Amino acid sequence: MSGFRRPHEAVDYDALTAQLPPPPEYLETAYLAGPEEIAATQLALAQARARVAYEVPFFRRRWDDAGMGPDDLHSLDDLTRFPAYTVDDIRDSIEAHPPYGDYQGVTVNQALDEPMRVYMSGGTTGRSRPTLYTAWDREAGAILTARALYMQGIRPGDVVLNAWAYSTHNGAHAMDEALYRWLNCVVLSTGTGNVTPTRKQVELAVEYGATAILTTGDYLLHLAETAREMGLDPATDLKLTALPNIGDKGRLNDTFGVPVYDSYGFHEVQWVAVECPTGEGMHIFEDAFIVQIVNVDTGELLPDGEQGAVCITEIYKTGSPQFRYNIMDLSTLHPPGQCACGSWLRKMAPFAGRGDNMVKLRGVNIWPEALGEIVTDVNGVTDDYFVRATRSGNRDEMTVLVVSDRPPGEFDVIAAATVERLHQVVGVKIGVEVHEPGALDALTGFGTAAKLIRFKDAR
Ligand SMILES: [Zn+2]
């Protein structure tokens, strides 16, 4: 059959590993590249991606409107002149061209020649947002994920539990591919607590000597709690040597006695950045991405050090481009320079909340995740929270639902202290409700969702 290529025929593995060295080689090669080499690589790859993006209707339409074309990218500074887009533009594209939108760089009709996978994000309300990944994109994404997992402490040959949801979402699959294909790890594909009950997950981790359990930091702490109920010590009976779990770094470290390194990624572009042992910022995989920080309201480029929305351009794919995708995650770029670890790769600050969750409350910009950080520091309040925005008359109101493990008789005092603390820090009055442990699980999706939901806009 002509034009029928299997995945192993569709990827030039020598070219792939030359362009994106996997770990551990990565740390001796691209991780230590100098600033000129990084910039030259980025420009060449971005120019190639611009040419591909311009063949995609979604990008061509927007670039034509802005009077821009792929030949206008002469330097990395020119990137800012290309129009950015947000998830709202993606949604519009899908509504107009269901179900794939017109932003994909490949179509399913090419699947015989270009083996591909589709993963989706969103979709609890409205249509899911699909991304088509070519075989190259899968392997490249797996290498990026393998780099992050390695830098967070996973070593080739380890036994690892993958307790993410194997679903229509990319996350669990990308990690599985990284572990199996690029780190030779032995994966126990347990999935979430709905698939493999929590006690069973603990038993498997102990029996098989797992060195890491891939899941949210919150669920890992819940696993530790369950281990204690089973008479086990999470720090010694579990043999974890890596914590690639996003969550409360201090509590994770205290519970397992293993360092925690922040990382950042999202499903369309896969893994973007990971913290180095200095613990000061996450190095961006700059042979795969160009990260810009832009003003949440205007989209204008912000100076280094100012917090804004992450606007990302991938430069490693062959399929669906993401060219100046304003993902509306909040972060900050560190100034350029060589890190104490030896790397010149630009660093970004950990995820600081969602730009599009911003609620303007009596003239003050408020991000729900920032409220979460404040309330969970209050005495008597645990790490769980949920923020709700409502409309009362013609003004916005916010209520933070917190959890306390103290006797309910103390809830009024804890609520008053939390209201007072929020008012001190934020400067406006925000309501507080205190709940018993577990009461917020249905709202946050604890134990079932890959990413906890912390905010509902009910305005
Ligand atoms: Zn570093």
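Just above sits the structure.
To keep things clear, this report deals only with the structure shown in the data block. (Residues numbered from 1 in each chain as written. Predicted model: local features only at pLDDT ≥ 70, side-chain atom pairs only at ≥ 80, totals over all residues. Heavy atoms only, no water.)

Quick word on the packing of helix α8 (residues 198-207) against helix α9 (residues 217-229)
So, step 1. Running from N to C, α8 and α9 point in directions that differ by 80 degrees, and their axes come no closer than 9 Å. It follows from the interaxial angle that α8 and α9 lie roughly perpendicular. Residue-level inspection shows Thr198, Arg199, Gln201 and Val202 of α8 in contact with α9, the latter providing Tyr219, His222, Leu223, Thr226 and Ala227.
So, step 2. Counted by class, the contact of α8 with α9 contains 4 nonpolar, 4 polar and 1 charged residues. (Axes fitted to C-alpha atoms, helices over the stretch in contact; angles between N-to-C directions. Helix = DSSP H or I, 4+ residues; strand = E, 2+ residues; numbered from the N terminus. Parallel < 35°, antiparallel > 145°, perpendicular 65-115°, else oblique. Contact = heavy atoms within 4.5 Å. Nonpolar A, V, L, I, M, F, W, Y, C, P; charged D, E, K, R; others polar.)

As for the pattern of salt bridges
So, step 1. The tally for this structure, following the rule as stated, stands at 23 salt bridges.
So, step 2. Of the charged contacts in the structure, one is a salt bridge between glutamate 410 and arginine 406, with a shortest N-O distance of 3.6 Å.
So, step 3. Owing to a relative accessible area of 32%, arginine 406 belongs among the partly exposed residues under this scheme.
So, step 4. What emerges from the salt-bridge pattern is a single network uniting Arg391, Asp396, Asp457 and Arg459. (Salt bridge = Lys/Arg side-chain N within 4 Å of Asp/Glu carboxyl O. Buried < 20%, exposed > 50% of the residue type's maximum accessible area, 1.4 Å probe, protein only.)

Details of the packing of aromatic side chains
So, step 1. What the rule picks out here adds up to 17 aromatic pairs.
So, step 2. Taking 5.0 Å as the distance between ring centres and 5 degrees as the angle between the ring planes, the aromatic pair formed by tyrosine 85 and tyrosine 325 counts as stacked. Taken together, the residues tyrosine 85 in the loop between α4 (57-65) and α5 (87-96) and tyrosine 325 in strand β11 (residues 325-331) connect sequence positions 240 residues apart. Assigned by exposure class, tyrosine 85 and tyrosine 325 land together as buried.
So, step 3. Measuring from centroid to centroid gives 6.0 Å for phenylalanine 266 and tyrosine 325, while their planes differ by 75 degrees, and the two rings are edge-to-face. Taken together, the positions of phenylalanine 266 in strand β6 (residues 263-266) and tyrosine 325 in strand β11 put the pair 59 residues apart, joining distant regions of the chain.
So, step 4. Cluster of aromatic residues (ring-pair linked, three or more members): Tyr54, Phe58, Phe59, Trp63, Phe82, Tyr85, Tyr103, Tyr264, Phe266, Phe323 and Tyr325.
So, step 5. Positioned above the aromatic ring of phenylalanine 285, the side-chain terminus of arginine 147 is 5.3 Å from the ring centre.
So, step 6. Residue placement shows arginine 155 over the ring face of tyrosine 150; its charged tip is 3.7 Å from the ring centre. (Phe/Tyr/Trp six-rings, centres within 6.5 Å; stacked < 30°, edge-to-face > 60°. Lys NZ or Arg CZ within 6 Å of the ring centre and 35° of its normal.)

Some details on the environment of valine 375
So, step 1. Looking at the element boundaries, valine 375 is found in helix α11 (residues 368-375).
So, step 2. Each C-alpha atom of the pair valine 375 and leucine 422 lies 7.1 Å from the other, and the pair is 47 residues apart in sequence.

Some thoughts on the sheet that holds strand β17 (residues 431-435)
So, step 1. Pairing is mixed across the open sheet formed by 4 strands, whose spatial order is β17-β16-β15-β18. Every other strand in the sheet has two partners, leaving β17 and β18 (455-458) as the edge strands with one partner each. Averaged over all neighbouring strand pairs, the angle between strand axes comes to 20 degrees, with direction disregarded.
So, step 2. As defined by bridge partners, strand β15 (residues 385-392) adjoins strand β16 (residues 395-403) across 8 bridges and the pair is classed as antiparallel. Within β16, the position partnered with threonine 390 by the bridge is glutamate 397.
So, step 3. Against the sheet, α11 makes contact with β15, β16 and β18, and its axis sits at roughly 125 degrees relative to β15, the strand it touches most.
So, step 4. Most of the contacts of helix α12 (residues 411-426) go to β17, to which it runs at about 145 degrees, and overall it touches β16 and β17. (Pairing = 2+ DSSP bridges.)

Quick word on the coordination of the zinc ion
So, step 1. Within the first shell, the zinc ion binds the protein through Cys276 (SG), His283 (NE2), Cys339 (SG) and Cys341 (SG), at distances of 2.1 to 2.3 Å.
So, step 2. In this structure, the zinc ion is surrounded by 4 donor atoms whose angles at the metal cover 101 to 116 degrees, and the resulting shape is tetrahedral.
So, step 3. A residue is classified by how much of its surface remains accessible, and histidine 283, at 1% relative accessible area, is buried. (Donors = N, O, S within 2.8 Å, 3.2 Å for Na, K, Ca; no water. Tetrahedral: all angles 85-135°; square planar, octahedral: opposite > 155°, others 65-115°.)

Details of unusual backbone geometry
So, step 1. Cis geometry marks the peptide bond from proline 23 to proline 24, where omega comes out at 0 degrees.
So, step 2. Along the polypeptide, proline 24 turns up in the loop between α2 (13-19) and α3 (35-53).
So, step 3. For the bond running from proline 98 to proline 99, omega is -5 degrees, close enough to zero to count as cis.
So, step 4. The topology assignment puts proline 99 in the loop between α5 and β1 (116-121).
So, step 5. You will see that arginine 324, though not glycine, has its phi angle at about 60 degrees, which is positive.
So, step 6. Relative to the elements of secondary structure, arginine 324 occurs in the loop between β10 (308-314) and β11.
So, step 7. A relative accessible area of 3% places arginine 324 in the buried class.

Considering the packing of α9 against helix α10 (residues 249-256)
So, step 1. Interaxial distance between α9 and α10 falls to 10 Å at its minimum, and their mutual angle equals 30 degrees. Considering their axes alone, α9 and α10 lie roughly parallel with respect to each other. α10 is crossed by α9, and the crossing has left-handed handedness. Residue-level contacts link Gly217, Leu220, Leu221, Ala224 and Arg228 of α9 to Arg251, Leu252, Thr255 and Phe256 of α10.
So, step 2. Each residue belonging to the contact of α9 with α10 can be placed in one class, and the counts come to 5 nonpolar, 2 polar and 2 charged. (Left-handed = near helix turned anticlockwise from the far one by under 90°.)

Comments concerning the side chain of serine 121
So, step 1. In this structure, serine 121 sits in strand β1.
So, step 2. You can call serine 121 buried: its relative accessible area is 8%.
So, step 3. Of note is the side chain of serine 121, whose polar atom sits 3.0 Å from the side chain of histidine 267.
So, step 4. Among all residues touching serine 121, those that are not within four sequence positions of it are Ser128, Arg129, His267 and Glu268. (Polar contact = N/O pair within 3.5 Å; in protein donor to acceptor, adjacent residues only side chain to side chain.)

Remarks on the nonpolar core
So, step 1. If you look at the biggest cluster of nonpolar residues, it comprises 79 residues, and the most contacted ones within it are Ile154, Val272, Phe285, Phe289 and Met348.
So, step 2. The element contributing the most residues to this core is helix α6 (residues 135-151), with 11 residues.
So, step 3. Residues in contact with valine 272, not counting those within four places in the same chain, are Tyr264, Gly265, His283, Ile284, Phe285, Phe289, Val291, Ile312 and Met348.
So, step 4. Judged by nonpolar contacts, the second largest core, of 24 residues, contains Val375, Val378, Val402 and Leu422. (Core = buried A, V, L, I, M, F, W, Y, C linked by side-chain atoms within 4.5 Å.)

A few points about the environment of leucine 16
So, step 1. By the element assignment, leucine 16 lies in helix α2.
So, step 2. The class for leucine 16 is buried, based on a relative accessible area of 0%.
So, step 3. On a C-alpha basis, the gap between leucine 16 and aspartate 158 in space is 24 Å, while along the polypeptide they are 142 residues apart.
So, step 4. When residues no more than four places from it in sequence are discounted, the contact partners of leucine 16 are Val11, Trp136, Glu139, Ala140, Ile143 and Trp182.

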